[in-house]
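The lines below spell out each chain.
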Amino acid sequence: MRQSDFPLRLRLLVPALLSFILAACATETLPPTEQRDTSSAREGGLSDYLEDAQDAEDDADLLLDAAEAALADGNTDIAGELAARLTRQIRDSQWQDASPDHLRYLLLQAALQQAEGQYRDALRTLNTFPAPRWQASSEALYQRWLEQRIATLLDTGQRLAAVHDHIELGELLPADLQQANRNRIWDILGSTPDGTTSRARSVDSYEMRGWLELLDMIRSRPDNIEDQISIIEQWRNRWNRHSAADALPDALAHLLDVWESRPTRLALLLPVQQAAGDAVIQGFMSAYYHALAREQDVPTVRIYDTSSPGTTQALYRQAVEDGAELVIGPLDKEAVRDLQNRRTMPVPTLALNYTDNGQINPDGLYQFGLAPEDDIRQLTRAARLEGHRLAASLTPGGEEYRRIRELFGQQWRELDGQVLAERSFPDGGGYPDLLRDMLAVDQSEARFDRLAAMLPREDIAFIPRRRQDIDMLFLLASPAQGRQVAPTLDFFYAGDVPVFAMPSIHDGSTEASRNRDLDGIRFPELPWLLDQESELKDQVNETWPTSSGAVQRLRALGVDSFRLYTRLGQLINYPDTRMQGATGTLALTGSGAIQREMPMAQFVNGRARIMRLDLPEDIDLMPR
């Protein structure tokens with residue numbers, strides 16, 4: 001191969017890389033090419049691979065080695081150029097169909113597509129050949145295929161399919177990795193929304209059906225660990241040949257320890273005389289009395305009113321002196337910042353708000369709340385999974401909304417999206433002028449005016465056009481504001497632009513006639529507001545008047561803060577644990593924050609309905 005055939009960018013990069021890139025991806029030295037397992041990489045660093053690739057005479061194996069090393073080193077640009085070179089070899093029919101090199105190439109292409117957020121394309125690439133073709137090539141390649149499919153399936157929200165592949169993967173793993181695989185299966189299952197497992201009931205897999213039944217049984221008693229311990233024993237007796245029967249996932253195996261170490265005396269530090277604090281207490285105490293009515297063991301609870309400014313720290317100290325084993329609160333962000341300044345907490349403390357200062361929590365302080373970061377993360381991910389990339393943003397004006405706009409822009413760009421236009425509306429509205437400008441309809445009208453001035457005719461037919469590069473709209477608005485924005489989009493020929501809104505678009509109303517103008521708008525929402533069959537929610541609404549979405553969300557926060565009193569230790573000690581709550585699927589991050597994952601909802605005929613992600617029909621999630 002002539003040097004000029006080698007891509008110019010790589011020829012320029014190789015000398016520099018040779019000088020300072022240290023060895024990466026080192027593995028055991030492999031046998032000669034014709035005898036070795038081509039699913040593994042050779043010994044050496046990225047610079048060695050690139051040097052070999054530069055000298056290669058169209059050696060696909062060396063090019064694959066270099067591309068895989070570049071990808072492992074995070075150099076997706078270099079890996080992409082090498083993959084393009086390999087693509088030409090396939091086009092020139094130099095590779096045998098489904099040969100080991102061809103399969104490695106497909107894994108490389110799928111990894112590059114996944115890195116660029118092209119998850120559906122990655123699935124199509126991985127599913128070029130069914131599982132038996134991969135398995136027949138080599139066990140190592142089959143394992144890599146399963147691992148990469150699992151990652152891509154999770155990126156597309158296909159959790160049950162990922163569990164299916166994890167079960168397959170478990171049959172290949174050595175004994176010392178089996179428990180980690182079971183823990184991961186339970187972790188993924190724990191993050192599946194309620195109601196999704198029924199669709200997989202008919203699978204022809206003893207292992208899969210056993211896992212799904214265990215999940216459903218555990219979820220039937222979400223707030224009662226004692227019942228769950230009994231349920232697990234029943235399940236083990238019924239599914240005695242299941243891989244988890246003898247070795248449960250760690251989060252379940254130690255439930256008895258979690259229950260026996262639960263706190264028995266709680267302190268609530270909340271502003272009782274303020275609407276927000278009152279709503280949280282309503283949710284907390286409703287969950288408390290609901291558990292009591294079902295003869296569950298409940299803790300002693302004492303409420304400390306933090307309504308008066310400057311009293312939170314003194315009341316916190318008093319709660320600790322009074323023997324509280326767990327403090328829930330405060331709700332005020334400034335008070336949470338004060339707690340962050342401690343070196344350690346005297347007792348575990350579950351603050352009901354987040355600080356946005358990036359400060360590390362001291363040991364024993366955990367933060368839980370309705371953070372907009374969770375909403376935006378869910379919203380942007382859903383939009384990208386639908387294939388949208390070029391966004392416009394429409395939010396209220398004012399400094400208090402600036403952070404939301406910035407959070408959306410930041411998370412959207414992290415997902416390889418672009419924000420092409422941003423507009424903010426005043427309190428009084430003004431949506432038509434803003435949207436006309438944002439959609440560039442005024443430019444289309446101006447072009448017509450110039451054309452009409454040049455032509456003598458008076459009967460020129462004209463339909464204005466909006467700009468065509470925007471493929472989604474991010475909206476922060478109340479329901480009343482949204483009911484004005486949606487028809488205005490239609491008026492300006494943008495009714496086909498998907499709208500992804502913050503949860504504020506939904507006030508919890510079930511009156512369809514009020515929200516028909518919001519049809520089609522997508523938004524992340526708490527399960528509490530979407531669940532119309534919750535016994536606890538019915539009891540809350542009977543005890544206190546049915547309220548707006550904002551109050552309902554705070555009540556849900558109160559419900560989950562009660563449920564977390566037994567689960568916090570489980571989340572801390574077993575990071576794979578997921579808790580299905582009223583505010584979403586809850587998990588504890590390494591920074592001490594409890595993160596929520598919510599379902600995406602959509603207005604359909606004026607009512608909020610949970611959305612299901614529908615992948616294109618040509619994607620087979622479980623090719624066998």
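Residues numbered from 1 in each chain as written. Predicted model: local features only at pLDDT ≥ 70, side-chain atom pairs only at ≥ 80, totals over all residues. Heavy atoms only, no water.

**Q** Got a sec to walk through empty space enclosed by the protein? Specific residues and values, please.
**A** Per the stated rule, a full pass over the model turns up 3 cavities of 30 Å³ or more. Computed from the structure, the largest cavity encloses a volume of approximately 250 Å³. For the largest cavity, the lining is made up of 16 residues, of which Ile218, Gln228, Arg578, Met579 and Gln580 are closest to its centre. At the level of secondary structure, the elements contributing two or more residues to the lining of the largest cavity comprise α10 (175-190), α11 (206-219), α26 (549-573) and β11 (579-581). Classifying every residue of the lining of the largest cavity gives 7 nonpolar, 5 polar and 4 charged. Size it by volume and the second largest cavity reaches roughly 110 Å³. Surrounding the second largest cavity, 14 residues form its lining, Asp223, Trp259, Gln296, Tyr565 and Thr566 being those nearest its centre. Counting residues per element, the ones that place at least two in the lining of the second largest cavity are α12 (225-238) and α26. Ranked by residue count, the leading element in the lining of the second largest cavity is α26, at 5 residues. The residue inventory of the lining of the second largest cavity, partitioned by class, reads 6 nonpolar, 3 polar and 5 charged. (1 Å grid on protein atoms, 1.4 Å probe; cavity = no way out; pocket = protein on both sides within 12 Å on 5 of 7 lines; lining within 4 Å. Points joined across faces, edges and corners; volume = space filled by probe spheres on them. Helix = DSSP H or I, 4+ residues; strand = E, 2+ residues; numbered from the N terminus. Nonpolar A, V, L, I, M, F, W, Y, C, P; charged D, E, K, R; others polar.)

**Q** Kindly report on a negative patch on the surface, identifying the contributing residues and their values.
**A** A cluster of acidic residues, Asp531, Glu533, Glu535, Asp538 and Glu542, forms a negative patch on the protein surface. Position of Glu535 relative to the elements: it lies in helix α25 (residues 535-543). With a relative accessible area of 52%, Glu535 lands in the exposed category. (Patch = residues over 30% accessible without salt bridge, like charges linked within 9 Å, V, L, I, M, F, W, Y side chains within 5 Å. Areas by Shrake-Rupley, 256 points an atom, 1.4 Å probe, with all protein chains shown as cover. Salt bridge = Lys/Arg side-chain N within 4 Å of Asp/Glu carboxyl O. Lys, Arg positive; Asp, Glu negative; His and termini not counted. Charge placed at Lys NZ, Arg CZ, Asp CG, Glu CD. Buried < 20%, exposed > 50% of the residue type's maximum accessible area, 1.4 Å probe, protein only.)

**Q** Residue-level account of the pattern of salt bridges, with values.
**A** Side chains carrying opposite charge are able to pair once their charged atoms draw close together. Applying the stated criterion across every chain yields a total of 27 salt bridges. When the shortest N-O distance is used, the salt bridge between Asp65 and Arg104 registers 2.8 Å. Here Arg104 lies in helix α5 (residues 100-115) and Asp65 lies in helix α3 (residues 60-72), a separation of 39 residues in the sequence. With relative accessibility at 0%, the residue Asp65 sits in the buried group. Residue classification places Arg104 among the buried positions, given a relative accessible area of 0%.

**Q** Explain helix α8 (residues 139-155) residue by residue, including any values.
**A** The terminal C-alpha atoms of α8, which comprises 17 residues, lie 24 Å apart, in line with the 24 Å expected from a rise of 1.5 Å per residue. Within α8, the full set of buried residues consists of Leu141, Tyr142, Trp145, Leu146, Gln148, Arg149, Ile150, Thr152, Leu153 and Asp155. If you follow the buried residues of α8, they end up packed against α5, α6 (119-126), α7 (131-137), α9 (159-170) and α19 (372-385). Among the residues trailing α8, Gly157 stands out with phi positive, at a value near 80°. (Expected span 1.5 Å × (residues − 1). Contact = heavy atoms within 4.5 Å.)

**Q** Lay out the nonpolar core in plain terms, naming residues and giving numbers.
**A** Counting residues in each nonpolar core, the largest one holds 64 residues, and the members touching the most others are Trp134, Trp145, Trp186, Leu189, Trp211, Trp235 and Leu252. Excluding residues that lie within four positions of it along the chain, Trp235 makes contacts with Gly210, Glu213, Leu214, Met217, His242, Ala244, Ala245 and Leu248. Counting 42 residues, the second-largest nonpolar core is a separate cluster that includes Val280, Phe284, Ala371 and Val559. (Core = buried A, V, L, I, M, F, W, Y, C linked by side-chain atoms within 4.5 Å.)

**Q** Go over the sheet that holds strand β1 (residues 265-270) with me, naming the residues and quoting the values.
**A** Read from one edge of the open sheet, 5 strands run β2-β1-β3-β4-β5, paired in parallel fashion. Only two strands of the sheet have a single partner each, and these edge strands are β2 (300-305) and β5 (363-367). Sheet twist, expressed as the mean angle between neighbouring strand axes with direction ignored, is 25°. Where β1 meets β2, 6 bridges bridge the pair, whose relative direction is parallel. In the strand pairing of β2, Leu269 is matched with Tyr304. Across the sheet, helix α17 (residues 312-321) lies against β1, β2, β3 (326-328) and β4 (344-351), angled at about 110° from β4, the strand it touches most. (Pairing = 2+ DSSP bridges. Axes fitted to C-alpha atoms, helices over the stretch in contact; angles between N-to-C directions.)

**Q** An account of the pairing of strand β15 (residues 607-610) is requested, with residue identities and associated values reported.
**A** Sheet topology places strand β14 (residues 600-604) next to β15; 4 bridges connect them, and they run antiparallel. Note on β15: the bridge partner recorded for Gln602 is Arg609. Linking β14 back to β15 in an antiparallel pair, the connection comprises 2 residues, with Asn605 at a positive phi of about 55°.

**Q** Give me the lowdown on unusual backbone geometry, citing residues and values where you can.
**A** Going from Gly329 to Pro330, the amide bond is cis rather than trans, its omega being 0°. On the secondary structure map, Pro330 appears in the loop between β3 and α18 (333-340). In this model, Asn605 sits at a positive phi of 55°, which is unusual for a non-glycine residue. Residue placement: Asn605 occurs in the loop between β14 and β15.

**Q** Tell me about the packing of aromatic side chains, and please be specific about residues and values.
**A** On inspection of all chains with the given rule, the structure shows 11 aromatic pairs. With a centroid separation of 5.4 Å and an interplanar angle of 90°, the aromatic rings of Phe284 and Phe562 are classed as edge-to-face. Here Phe562 lies in helix α26 and Phe284 lies in helix α16 (residues 275-293), a separation of 278 residues in the sequence. On the basis of relative accessibility, which here comes to 1%, the residue Phe284 falls in the buried class. Residue Phe562 is classed as buried on the basis of its relative accessible area of 3%. (Phe/Tyr/Trp six-rings, centres within 6.5 Å; stacked < 30°, edge-to-face > 60°.)

**Q** Describe the side chain of Ser307, and please don't skip the residues or the numbers.
**A** Along the chain, Ser307 turns up in the loop between β2 and α17. Only 3.3 Å separates the side chain of Ser307 from the backbone nitrogen of Val272, close enough to count as a polar contact. Here Gln273 takes part through its backbone nitrogen, which lies 2.9 Å from a polar atom of the side chain of Ser307. Ignoring anything within four residues of it in the chain, the contact list for Ser307 reads Pro271, Val272, Gln273 and Gln274. (Polar contact = N/O pair within 3.5 Å; in protein donor to acceptor, adjacent residues only side chain to side chain.)

**Q** Describe the packing of α5 against α6, and please don't skip the residues or the numbers.
**A** Two measures define how a pair of helices packs: the angle their axes make with one another and the distance between the axes. Running from N to C, α5 and α6 cross one another at 170°; their axes reach a closest spacing of 8 Å. Relative to α6, α5 is oriented roughly antiparallel. Contacts between α5 and α6 involve Leu106, Leu107, Gln109, Ala110, Gln113 and Gln114 on the former and, on the latter, Tyr119, Asp121, Ala122, Thr125 and Leu126. For the contact of α5 with α6, a count of residues per class yields 6 nonpolar, 4 polar and 1 charged. (Parallel < 35°, antiparallel > 145°, perpendicular 65-115°, else oblique.)

**Q** Can you break down the environment of Gly364 residue by residue, with the values?
**A** Within the secondary structure layout, Gly364 lies in strand β5. The class for Gly364 is buried, based on a relative accessible area of 17%. With 20 residues separating them along the chain, Gly364 and Thr344 place their C-alpha atoms 6.5 Å apart. The residues touching Gly364, leaving out its near neighbours within four places in the chain, are Met345, Val347, Pro348 and Thr349.

Coordinates in, geometry out; function isn't part of it.
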